[in-house]
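Analysis of the macromolecular model
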Amino acid sequence: MTDLPQSPAPQHLARFFVKQRITMMVNRYEIREAKLDGTEGAVIAVAQQKRLAFKEQVTFYADEARTQAVFSFKARQALDFAAVYDVMDGAGRPLGTFQKDFQASLLRSSFHLGGPGIDAYGQERNQVVGILRRFIDFPFSFHFTFTDKATGAVVLTSERQFTLRDRYTVDVPDQRLDFRLAAAMAVGLDVLMAR
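These lines cover the structure that appears in this document, whether it is placed above or below. (Residues numbered from 1 in each chain as written. Predicted model: local features only at pLDDT ≥ 70, side-chain atom pairs only at ≥ 80, totals over all residues. Heavy atoms only, no water.)

Quick word on the environment of P173
Note the following rule: Per the convention used, a helix needs a DSSP run of H or I reaching at least four residues, while a strand needs a run of E reaching at least two, with both numbered from the N terminus. For this analysis, residues touch if any pair of their heavy atoms sits within 4.5 Å.
By secondary structure assignment, the location of P173 is in the loop between β12 (167-171) and α2 (179-193). As a C-alpha pair, P173 and L13 span 160 residues in sequence and 8.8 Å in three-dimensional space. Dropping the residues within four chain positions of it, P173 is found in contact with V154, V155 and L156.

Describing the side chain of E30
Let me state the cut-off plainly: Within 3.5 Å is the distance limit for a polar contact, defined as a pair of N or O atoms, with the added protein rule that one can donate a hydrogen and the other accept it, and that residues adjacent in sequence qualify only through two side-chain atoms.
Following the sequence through the fold, E30 ends up in strand β2 (residues 26-34). Reaching out from E30, the side chain makes a polar contact with the side chain of R21 at a distance of 3.1 Å. Here R32 takes part through its side chain, which lies 3.0 Å from a polar atom of the side chain of E30.

Topic: the sheet that holds strand β3 (residues 40-50)
Put simply, the rule reads: Any two strands with at least two DSSP bridges between them are considered paired. Axes here mean lines fitted to C-alpha atoms, for a helix over just the part in contact, with angles spanning 0 to 180 degrees between N-to-C directions.
Here we have 12 strands rolled up into a closed barrel, ordered β1-β2-β3-β4-β5-β6-β7-β8-β9-β10-β11-β12, and antiparallel in their pairing. For this sheet the average axis-to-axis angle between neighbouring strands, irrespective of direction, equals 20 degrees. In this structure, β3 lies alongside strand β4 (residues 57-61), joined through three bridges in antiparallel fashion. Bridging across to β4, A47 finds its partner in F60.

Focus: the pairing of strand β10 (residues 143-148)
To keep things clear, this is the line we draw: Each residue's exposure class comes from its accessible area (1.4 Å probe, protein chains only) as a fraction of the maximum for that residue type: buried when under 20%, exposed when over 50%, partly exposed otherwise.
Taking every second residue as pointing to the same face, the buried face of β10 carries F144, F146 and D148, while none of H143, T145 and T147 on the other face is buried. Sheet analysis places strand β9 (residues 118-124) next to β10, joined by five bridges and oriented antiparallel. Paired with E124 across the bridge in β10 is F144. Here β10 runs beside strand β11 (residues 154-160); their pairing, made up of five bridges, is antiparallel. Its bridge partner lying in β11, F146 is registered against L156. Counted between consecutive antiparallel strands, the loop separating β10 from β11 contains five residues, among which G152 sits at a positive phi close to 80 degrees.

What follows is the structure in structure tokens.
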């Protein structure tokens, strides 16, 4: 058995934004820093998600030219509604995992999130919106709160703005949660909510 390479210390970012741009063949995501005044700052990472892929994989790059991979997530299984997604840094070292709780998600989308020192569970806050989204094609605002399974403390929140394009404000009050794992989960929510 080979040892997995160890990832460096967590990179924490208390707040950032995720913006989606839809094109013909891919969904494009921008991760932007949040300035002290609450407005959008510089682009931290960009990613593309191919539509209709058999095995979901999203790679985040440092720039629009996609020359330097900085982190990624990939499904362990193909076409599995409860697949585990591994999140890795740019060198392929593990940062954590996330997984949709398929059974609980029938009424309200729910996810497990894990990483070094993190074991959290997240759900859509509003069950009524969760049910309506399944039957009405409308750009609902939806919000997720992830809490530590042991303490109940909030680890991560992701709030979708009420717009035609997907835009999220992501807050990470738990300093143990690596920004790259948080960003992968935030984009993963958008990718997996369409399923």
